[in-house]
Amino acid sequence: MAWGDEWASLRKDGVHDPRGPAVKILQEPEVALSKLTPDTAGNMVRWVQSLEKGEINPRANLRPDTKIRLYESDVLLNLKGGMPIVRFPHRQHTLWLDCTNCHDHLFKAEAGATKFSMLKILEGEQCGVCHGAVSFPLTECFRCHSVARPGDGKPRPSLPIAIPAGAVPPK
């Protein structure tokens, strides 16, 4: 797909100095990202699917002696809230990051020891350190809040779903 209209050039992205040497060396987002599995939100890439399809092969560690740990278990969060339950997929995260990237400074490794807060997440803490910055944006509520509560009788959208910013999620 030619999605070049979706990505600002390095000279116009508001991050890179258009007069600096980086814009001459770095690959333009249109070239780098258009070959990856497309998304409808954020930076327009489904990173985990791109990884699983072999479209990208990120470096797992900087030091050759680092032991890579892949953790397969999912964790259910927000068990008592009003929104659908959050399913946190450890596997998808540990394909990219070692456990020490998050534990124990963002989240305690002990089940139930971290008090999650959407306010903190929206302020760029906890999950918000990555989501909204390098991962899909926080406007994609049902990508995390994906497990229906037992007996609520409300159909939930199937995943993955993209909800435009400002849209009201389906009931």
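Okay, so let's go over this structure.

1. Remarks on the pattern of salt bridges
Piece 1. One pass over the structure, following the stated rule, counts eight salt bridges.
Piece 2. Aspartate 17 is the salt-bridge partner of arginine 19, the closest N and O atoms lying 3.4 Å from each other.
Piece 3. Residue classification places aspartate 17 among the partly exposed positions, given a relative accessible area of 39%.
Piece 4. Between aspartate 39 and arginine 46 there is a salt bridge whose closest N-O contact spans 3.4 Å.
Piece 5. A residue is classified by how much of its surface remains accessible, and aspartate 39, at 3% relative accessible area, is buried.
Piece 6. Each member of the salt-bridge network shares a partner with another, and the members are Asp39, Arg46, Glu140 and Arg143.

2. Comments concerning the layout of surface pockets
Piece 1. Looking at the second largest pocket, its volume works out to about 230 Å³.
Piece 2. Along the walls of the second largest pocket sit Glu6, Trp7, Ala8, Leu10, His16, Leu26, Gln27, Glu28, Pro29, Leu33, Gly42 and Asn43, which together make up its complete lining.
Piece 3. Per-class residue counts for the lining of the second largest pocket are six nonpolar, four polar and two charged.

3. Remarks on the pairing of strand β2 (residues 85-89)
Piece 1. Across four bridges, the pairing between strand β1 (residues 74-77) and β2 is antiparallel. Note that in β2 the partner of valine 75 across the bridge is phenylalanine 88.
Piece 2. The sheet contact formed by β2 and strand β3 (residues 145-147) spans two bridges and is antiparallel. Among the inter-strand pairings, isoleucine 85 is bridged to a residue of β3, identified as valine 147.

Rules used in this analysis
Residues numbered from 1 in each chain as written. Predicted model: local features only at pLDDT ≥ 70, side-chain atom pairs only at ≥ 80, totals over all residues. Heavy atoms only, no water. Salt bridge = Lys/Arg side-chain N within 4 Å of Asp/Glu carboxyl O. Buried < 20%, exposed > 50% of the residue type's maximum accessible area, 1.4 Å probe, protein only. 1 Å grid on protein atoms, 1.4 Å probe; cavity = no way out; pocket = protein on both sides within 12 Å on 5 of 7 lines; lining within 4 Å. Points joined across faces, edges and corners; volume = space filled by probe spheres on them. Nonpolar A, V, L, I, M, F, W, Y, C, P; charged D, E, K, R; others polar. Pairing = 2+ DSSP bridges. Helix = DSSP H or I, 4+ residues; strand = E, 2+ residues; numbered from the N terminus.

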